[in-house]
2 protein chains.
Amino acid sequence: MRMSELSRAAGVPVPTIKFYLREGLLPAGERTGATQAEYDEEHVARLRLIRALGTHAGLSLAATREILSAVDDPPESTHDLLGIAHRAVSPPADAAAEDQAAVRALLEADGWDLAAVDTAAIDAVAVAYRQLQESGVAFPDALIGTYLDAARTIAQAEVAHVPSTSTSTSTADAIAYVAVGVVLAEPLLVTLRRLAQQVESSRRFDARQAPASD
Amino acid sequence: MRMSELSRAAGVPVPTIKFYLREGLLPAGERTGATQAEYDEEHVARLRLIRALGTHAGLSLAATREILSAVDDPPESTHDLLGIAHRAVSPPADAAAEDQAAVRALLEADGWDLAAVDTAAIDAVAVAYRQLQESGVAFPDALIGTYLDAARTIAQAEVAHVPSTSTSTSTADAIAYVAVGVVLAEPLLVTLRRLAQQVESSRRFDARQAPASD
């Protein structure tokens, strides 16, 4: 297809496509004339992925490029790919040694095996946990326990659904699933939690929910 | 206590305290001289709350002010307070009517009672869900089901732990819990999910986790 058709198929404006081509995020089409090139379905899929990462997930150009490089030249292990996706989207967190130790102890007491995880991922939890505590608002241990269980349940389901990588097509699927899942499922979870809070608080606190009698 | 002592107690620099005073986020101390004022424990707690919202949760000055106004002049129902906290932290989402209808259908099929929730909260889910679909990456229905369950489990636990509001002290606690919980527990959940993904993917994919034989 021509660039104008590619633009319609992927829903991305032509100037934006040209920008991605110049930046090397989108591979060039097959040249068919001095000023023309042919694009195919892989270009459409690639544009969707770029848009998912850059526009929807709000990643920087550098972070988008980092994930796309991993997609193009995937590491041997899916676990390493996850690490690359995490590093691309996580701002480096600077946790105090004692906060990191506290979080390690909390998670290990809950049965988490932290042997093969990035220190950066533990640091990120440690910073978030410390900030919650510094707010001065009491969060009961039982609630923190619910967070730990929920995070584990979610991650187990996500990892269980990584497409198996027996063929090269399914490897590409697995890579896209991990890269996009890490960043794009997050807003879904966050917005679902807020909506669920409203459902629950209305059930518990809001007398107006009872049907008005007339 | 003097302003310098307040600064030490709350861990907030004096110029920042002066800024919060000028902006009206922190109530003035009790004047004890032409250039001196006395501050108390409530000022310390207030500074922690401002810092939690503004610095840690990264809220804008306007959003912080909106939540603090609700803390100072709380609505009658805790459910309304939650709505104020959500509106302060959620960028307005512009969902297409069909996406909103799709998400309503999905949630109602799962037993969610959406009668008393903000349309904005549904819109936010609809936008996140659409963006996940537009990525072109297949997310199995079973996984979406796990997200719904997890969001509900989390929200039920959070709402169950809202301090009861039988006294004015506990009303203030409930308000701080809701306002801070909405914004500050989110980074904890997001970072815990990423860490749990690493734990699970390592268990499933990473052969290197087996102890090296020597």
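Just so you know, these numbers come straight off a predicted model, no measurement behind them.

A.B. asks: Help me understand the packing of aromatic side chains in this model?
C.D. replies: Given two aromatic rings, their pairing is described by the distance between the two centres and the angle made by the two planes. Residues and elements named next belong to chain B. Evaluation of the coordinates by the stated rule reveals 2 aromatic pairs over all chains. Aromatic pair Phe19 and Tyr20: ring centres 6.0 Å apart, planes at 55°, arrangement tilted. A residue is classified by how much of its surface remains accessible, and Phe19, at 29% relative accessible area, is partly exposed.

A.B. asks: When you look at a negative patch on the surface in this model, what are you seeing that I'm missing?
C.D. replies: Together, A:Glu5, A:Glu30, A:Glu38, A:Asp40, A:Glu41 and A:Glu42 make up a negatively charged patch on the protein surface. In this structure A:Asp40 comes out as partly exposed when scored by relative accessible area, which is 39%.

A.B. asks: Whenever I open this one, the relation of the copies chain B and chain A confuses me. Can you help?
C.D. replies: One copy of the chain maps onto the second through a rotation around an axis plus a translation along that axis. Laying chain B over chain A is done by rotating through 180° and shifting 0.0 Å along the axis; what remains is an RMSD of 0.0 Å. Taken together, the rotation angle and the small translation identify this as a two-fold axis. Among all C-alpha atoms of chain B, that of B:Ala150 lies closest to the rotation axis, at 2.8 Å. A shared interface surface links the copies, since 100% of the contact residues of chain B are contact residues in chain A too.

A.B. asks: Any chance you could explain helix 3 (residues 41-56) of chain A here in plain terms?
C.D. replies: Note on helix geometry: an α-helix contains 3.6 residues per turn, so any two residues three or four positions apart are oriented the same way. Residues and elements named next belong to chain A. The end-to-end C-alpha distance of helix 3, which contains 16 residues, comes to 21 Å, matching closely the 22 Å that a straight helix rising 1.5 Å per residue would cover. Among all positions of helix 3, only His43, Val44, Arg46, Leu47, Leu49, Ile50, Arg51, Ala52, Leu53 and His56 are buried. At the N-terminal boundary of helix 3, the capping side chain belongs to Asp40, with an oxygen 3.0 Å from the backbone nitrogen of Glu42. Directly beyond the C-terminal end of helix 3, a positive phi value near 70° is found at Gly58.

A.B. asks: Sorry if this is basic, but what is going on with the interface of chain B and chain A here?
C.D. replies: Each partner contributes residues to the interface: chain B has 85 residues there, and chain A has 85 residues. Summed over both partners, the interface of chain B with chain A buries about 7,800 Å², with 69% contributed by carbon and sulfur atoms. Considering only the surface of chain B that becomes buried against chain A, B:Arg193, B:Arg194 and B:Gln198 emerge as the three largest contributors, covering 9% of it. On the surface where chain B and chain A come into contact, there are 8 salt bridges. Taking the shortest distance from any N to any O, the salt bridge between B:Glu186 and A:Arg193 comes out at 3.5 Å. Counting across the chain B and chain A interface gives 20 residue pairs in polar contact (both at pLDDT 80 or more). For the side of chain B that touches chain A, the secondary-structure elements that each account for two or more residues are helix 3 (41-56), helix 5 (78-89), helix 7 (119-134), helix 8 (141-160) and helix 9 (168-205) of chain B. By residue class, the composition of the side of chain B that touches chain A is 49 nonpolar, 20 polar and 16 charged.

Scoring rules and cut-offs
- Residues numbered from 1 in each chain as written.
- Chains lettered and ligands numbered in written order.
- Predicted model: local features only at pLDDT ≥ 70, side-chain atom pairs only at ≥ 80, totals over all residues.
- Heavy atoms only, no water.
- Phe/Tyr/Trp six-rings, centres within 6.5 Å; stacked < 30°, edge-to-face > 60°.
- Buried < 20%, exposed > 50% of the residue type's maximum accessible area, 1.4 Å probe, protein only.
- Patch = residues over 30% accessible without salt bridge, like charges linked within 9 Å, V, L, I, M, F, W, Y side chains within 5 Å.
- Areas by Shrake-Rupley, 256 points an atom, 1.4 Å probe, with all protein chains shown as cover.
- Salt bridge = Lys/Arg side-chain N within 4 Å of Asp/Glu carboxyl O.
- Lys, Arg positive; Asp, Glu negative; His and termini not counted.
- Charge placed at Lys NZ, Arg CZ, Asp CG, Glu CD.
- Least-squares fit on C-alpha atoms with pLDDT ≥ 70 in both.
- Contact = heavy atoms within 4.5 Å.
- Helix = DSSP H or I, 4+ residues; strand = E, 2+ residues; numbered from the N terminus.
- Expected span 1.5 Å × (residues − 1).
- Polar contact = N/O pair within 3.5 Å; in protein donor to acceptor, adjacent residues only side chain to side chain.
- Buried area = accessible area lost by both parts, 1.4 Å probe.
- Nonpolar A, V, L, I, M, F, W, Y, C, P; charged D, E, K, R; others polar.

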